[in-house]
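# Examination of the molecular architecture
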Amino acid sequence: MSLFQHIKSFVTGLFLIAVAVVFFLIPRNAYDTIYIIISLIVLVYGLRLLWFYFTMARHMVGGKITLYQAIIVLDAALFTMTIAKMSDYIVLAYLLGVYAFAGVIDILRAFEAKKNDSPVWKKKIMIGFAESGFAILLVVVALILRDINFLVYGFAVSLASSGILRIYDAFRKTAVVYIQ
């Protein structure tokens with residue numbers, strides 16, 4: 001990573017931790033903010049994929065996969081925006097389900113990294129299991145206790161952990177491969 005990327009990762013981590021603290025302090029008013037944040041993040045990611053397709057990926061082998069991925073992500077963003085009017089349990093369970101799915105993706109990437117003899121596969125698999133298990137635990141606890149604030153607290157914890165990991169990655173030394 002370049003110096004700018006290190007600084008950007010550090011600042012993003014601090015921002016995520018600050019948002020998590022706000023969600024901890026004001027959980028009842030955080031629902032609408034959570035919907036908007038998740039919807040905008042997914043929408044921006046879909047638009048970035050679409051931009052990447054039109055500028056570069058259409059000239060690459062397998063570039064249509066990027067277009068299909070962009071369409072699916074944009075549909076997910078629109079779906080997330082439309083479910084904001086539903087019950088808070090449904091919406092937050094959906095968002096934590098997305099978080100659990102991201103944990104499963106991290107686990108699959110860890111197995112791929114292990115197959116390629118990468119040294120970071122252990123960290124990736126631990127993070128993936130922690131994300132998935134935490135999301136499932138939160139949904140179960142919130143349904144048993146019938147208190148939606150647990151889901152907001154869980155979302156805040158997931159934001160804080162993402163912020164801490166970004167700050168950790170900002171200070172980690174980047175491996176440089178030299179080809180002779």
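Numbering of residues starts from 1 in every chain and runs along the sequence as written. Totals for whole chains, interfaces and linings use every residue, but because this is a predicted model, local features are given only for residues with pLDDT of at least 70 and side-chain atom pairs only at 80 or more, for both listing and counting. To obtain the side-chain values, all non-hydrogen atoms of the structure were used and water was disregarded.

Before going further, it helps to spend a moment on the nonpolar core. Residues enter a nonpolar core if they are buried and are Ala, Val, Leu, Ile, Met, Phe, Trp, Tyr or Cys, with the set joined through side-chain atoms within 4.5 Å. Relative accessibility under 20% of the residue-type maximum defines a buried residue, over 50% an exposed one, and the middle range a partly exposed one, all with a 1.4 Å probe and only protein chains included. Membership of the largest hydrophobic core comes to 23 residues, with the highest contact counts inside it found for Phe-23, Ile-34, Leu-151, Val-152, Phe-155 and Leu-159. Those elements giving two or more residues to this core turn out to be helix H1 (3-25), helix H2 (31-55), helix H4 (88-115), helix H5 (121-145) and helix H6 (149-171). In DSSP terms, a helix is any run of H or I states spanning at least four residues, a strand is any run of E spanning at least two, and both are numbered starting from the N terminus. Counting residues per element, this core draws most heavily on H6, which supplies 6 residues.

Glancing now at the confidence of the model for the protein. Per-residue confidence for the protein averages 83 on the pLDDT scale, and 94% of its residues sit at or above 70. Scored from 0 to 100, pLDDT reflects the predictor's confidence in each residue. At the low end of the mean pLDDT range in the protein sits H4, at 79; at the high end sits H1, at 90.

So, on to the environment of Arg-48. Within the secondary structure, Arg-48 sits in helix H2. A relative accessible area of 60% means that Arg-48 is categorised as exposed. Sequence spacing of Arg-48 and Leu-67 is 19 residues, and the spatial spacing of their C-alpha atoms is 11 Å.

As a further point, take the environment of Ala-18. Its location among the elements puts Ala-18 in helix H1. Ala-18 sits 24 residues away from Val-42 along the chain, and the two C-alpha atoms are 20 Å apart.

Taking 1.5 Å per residue as the helical rise, helix H3 (residues 64-82) with its 19 residues ought to reach 27 Å, and the 27 Å between its terminal C-alpha atoms agrees with that figure. Turning to H3, its buried residues are Thr-66, Leu-67, Ala-70, Val-73, Leu-74, Ala-77 and Thr-80. With its buried residues spanning 145° around the axis, H3 presents them on a single face. In H3, the exposed residues that point more than 90 degrees away from the buried face are Lys-64, Ile-65, Ile-72 and Thr-82. Each helix should span, by expectation, one fewer than its residue count multiplied by 1.5 Å. By construction, the arc corresponds to the directions joining the helix axis to the C-beta atoms.

Right, let's get into the packing of aromatic side chains. Each Phe, Tyr or Trp ring, with Trp reduced to its six-membered ring, pairs with another whose centre is within 6.5 Å; inter-plane angles below 30 degrees give stacked pairs, above 60 give edge-to-face pairs, and intermediate values give tilted ones. Summed over the entire model, instances satisfying the criterion amount to 3 aromatic pairs. Ring centres of Phe-10 and Phe-171 lie 5.5 Å apart, and the angle between their planes is 75°; this geometry places the pair in the edge-to-face category. With Phe-10 in helix H1 and Phe-171 in helix H6, this pair connects stretches of sequence that are 161 residues apart. The class for Phe-10 is partly exposed, based on a relative accessible area of 30%. Phe-171 sits in the exposed class, given a relative accessible area of 63%. With centroids separated by 5.2 Å and ring planes inclined at 70°, the aromatic side chains of Tyr-53 and Phe-54 adopt a geometry described as edge-to-face. Residue classification places Phe-54 among the partly exposed residues on the basis of a relative accessible area of 45%. Whether a charge sits over a ring comes down to the Lys NZ or Arg CZ being within 6 Å of the ring centre and within 35 degrees of the ring normal. The ring of Trp-121 is capped by Lys-114, whose NZ or CZ atom sits 4.8 Å from the centre of that ring.

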